[in-house]
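The primary structure of each chain is shown beneath.
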Amino acid sequence: HKVRHYDFKIEYANVSRICHSKALVSVNGEFPGPTVYAEEGDRVIVKVTNHVQANVTIHWHGIRQLLTGWSDGPAYITQCPIQTGQSFTYDFRVVSHRGTLFWHAHISWLRATLYGAIIIHPRRGLPLPFPKPDGEFPVLLGEWWNGDVEQIEMDALRTGGIPIISNAFTINGQPGPFYNCSTADVYKLKFKAGKTYILRMVNAALNQDLFFGIANHSLTIVEVDGEYTKPLTVPTLVLSPGQTADVLVTATQDHGRYFMAAKPYVSAPVPFVPIPTTAIIEYETSTEAELSQPPVFPALPANNDTVYGENFFQSIRSLNSKQYPVHVPQTIDRDLLFTVSFNLKACPPGQLCSGPGNVTKFASSMNNISFIFPSISILQAYFFNINGVFSRDFPDMPPHPFNYTGPMINPQPEVGTKVNVIPFGSNVQLVLQDTSILNLDSHPIHLHGYSFFVVGQGVGNFNPSTDPANFNLIDPPFRNTVAFPRAGWVAIRWTADNPGVWFMHCHLETHTSWGMEMAFLVTNGKGKKQTLPHPPKDLPKC
Ligand code: C2O
Ligand code: CU
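All values derive from a computational prediction rather than experimental measurement. Residue indices follow the written sequence of each chain, beginning from 1 at its first position. Chain letters start at A and ligand numbers start at 1, both assigned in the order the entries are written. Reporting in this predicted model follows two pLDDT cut-offs: at least 70 for local features of residues, and 80 or more for side-chain atom pairs to be given and counted; totals over whole chains, interfaces and linings ignore these cut-offs and use all residues.

*Asks:* Sorry, what's going on with the sheet that holds strand 1 (residues 3-17) here?
*Replies:* To summarise the sheet geometry, strands pair through backbone hydrogen bonds and adopt either a parallel or an antiparallel arrangement. Between any two strands, pairing holds if DSSP finds at least two bridges. Strands are runs of DSSP state E lasting at least 2 residues, helices are runs of H or I lasting at least 4, and numbering of each runs from the N terminus. Here 4 strands make up an open sheet; going across it, the order is 2-1-4-6 and the pairing mixed. Strands with a single pairing partner mark the edges of an open sheet, and in this sheet they are strand 2 (20-27) and strand 6 (87-93). Taken pair by pair, the neighbouring strands of this sheet meet at an average axis angle of 20°, ignoring direction. Relative to strand 2, strand 1 is paired through 8 bridges, and the arrangement is antiparallel. Residue pairing in the sheet places Glu 11 in a bridge with Ser 26 of strand 2. Axis lines are fitted through C-alpha atoms, for helices just across the contact stretch, and the angle between N-to-C directions can take any value from 0 to 180 degrees.

See below:
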């Protein structure tokens, strides 16, 4: 196996989009940031040096961090932030993944501009489970904000309101020609008729599930979240923030120009008509006349087409082949049910709040606990036995009997920094139940340190006596981020064989800011191979 070294300088880059210029936070001046390449089994060492006036951490989204929990990256969960002028070296191995993942900042809303792809090739000697593509393109979906994203987050938190929505969606950082001043700000790729290309897809948006399609071309999904799938051909891809996919596209046309486009997928009615972000595929054989014509635009589902969205997610299956087997836990040791909720908090006296009635602010919670970030990282507090940073009483079940069809019980959440303790090696089943009090969004829930099997999902209340009979324990998708249906539930399973503190949160930044997160503490097992080692010497201090 190789060692791959990367040098990430966090620095300002002046970037203009849609008639606005700003100095955004970047890696090495690039926006989006550089791609990290690895082969499964490789060791990746990234030295991150902070040259901006903001605290930074980087998270390697989907990387297991087996026994390297110190390199995971979420601020105040596994590390203190890297302060201005300081550096920290992330050091981890890429195990049990192939395909596309991504890295992003994991503090405040900096991941709006700090993100890039991670591309992982299978272990040497293992063939791809599909014909070798003729070329590959990154397709990173993102959002552009004219204003300063840290300021937008702070304003939203103070007033408890819904933050200003982004000013544009982007493909590889470019909004495309449907936005103002953007005729030149468009990502272009060239196709040769008859060839097959692999698109390395990432949804790096802060707050938006997205539909994605290409005019006159179908999409064949062969991998999601770093795990190969049974090939699935669809007209439109659905990606939630935090989700990634490898998609094969065959150049089935002879010539011409075609848009690829992404637009929001929302389960609630939206008060705006979003402009799609687009990129242009140009066939090398196109005539002069065709090159001067506008490209063909893809048909995409309606913004609120939840039927398409849910069928899509339910159609994905792990490949589960001889070469790429999956091992779904058939029995469970820990049976958990967490509600995922919006709540309202009373507006503190003297503050201006923008929740309902202007006397409340929005909050969100899991099992009715709205998460508060501690002032030093939970992993450090755990490892060095520092008291008073967190408590170990995050409940296994909701504190109130839950009935989705009944009136809302206890809209005011508790607040706290609580972890749920899992003994090493446990097979965990977790049912996430949306309580849908405000009926707003679905939630892409992301777990650090593990991928999990999505064994079941449904609408309404989870029924523990009947629903498990329908679970897929053979080839369920193996993911790190699951978008579960609004007013519904999803059941996930994994084996807790990686000791450490592992964050779990909604990957919509707004919901995370309101408290929709918690952490698991997985204890050490026996011996060195089951024990979290000492932190690296350069781990930042708070
Ligand atoms: Cu992609 Cu905790 O994040
Ligand atoms: Cu959410």
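*Asks:* Teacher, can you tell me more about the nonpolar core here?
*Replies:* Proteins that are soluble and globular tend to have nonpolar side chains buried together. Here, a nonpolar core means buried Ala, Val, Leu, Ile, Met, Phe, Trp, Tyr and Cys residues linked by C-beta atoms lying within 7 Å of one another. Residues are called buried when their C-beta atom has 20 or more other C-beta atoms within 10 Å, exposed when it has 12 or fewer, and partly exposed otherwise; all C-beta atoms are positioned from the backbone. Within the largest apolar cluster, 137 residues are counted, with the highest numbers of intra-cluster contacts made by Leu 141, Leu 432, Ile 492, Trp 502 and Ala 519. We call two residues in contact when their backbone-placed C-beta atoms lie within 7 Å. Residues within four places of Leu 141 in sequence aside, it is in contact with Phe 169, Ile 171, Val 202, Asn 203, Ala 204, Ala 205, Leu 210, Phe 212, Leu 239 and Ala 262.

*Asks:* What's the story with the pairing of strand 7 (residues 99-105) in this structure? I'm lost.
*Replies:* The two faces of a sheet get side chains in turn, since along a regular strand they alternate between them. Counting buried residues along strand 7, 7 of its 7 residues qualify, which places the element largely inside the surrounding structure. Across 4 bridges, strand 5 (residues 58-61) lies against strand 7 in antiparallel orientation. For His 61, the partnering residue across the bridge sits in strand 7 and is Phe 102.

*Asks:* Is there a simple way to think about the domain arrangement of the chain in this case?
*Replies:* Often, the extent of an interface is quoted as the loss of accessible area on bringing the components together. Residue ranges for the domains originate in an automatic or database domain assignment. Domain boundaries assigned for the chain yield domain 1 (1-126), domain 2 (129-321) and domain 3 (334-530). Taking the mean C-alpha position of each, domain 1 and domain 3 sit 25 Å from one another. Domain 1 puts 13 residues into the contact, and the matching count from domain 3 is 16 residues. For the side of domain 1 that touches domain 3, the class distribution of residues is 6 nonpolar, 5 polar and 2 charged. Polar here means any residue outside two lists: the nonpolar Ala, Val, Leu, Ile, Met, Phe, Trp, Tyr, Cys and Pro, and the charged Asp, Glu, Lys and Arg; Gly therefore counts as polar.

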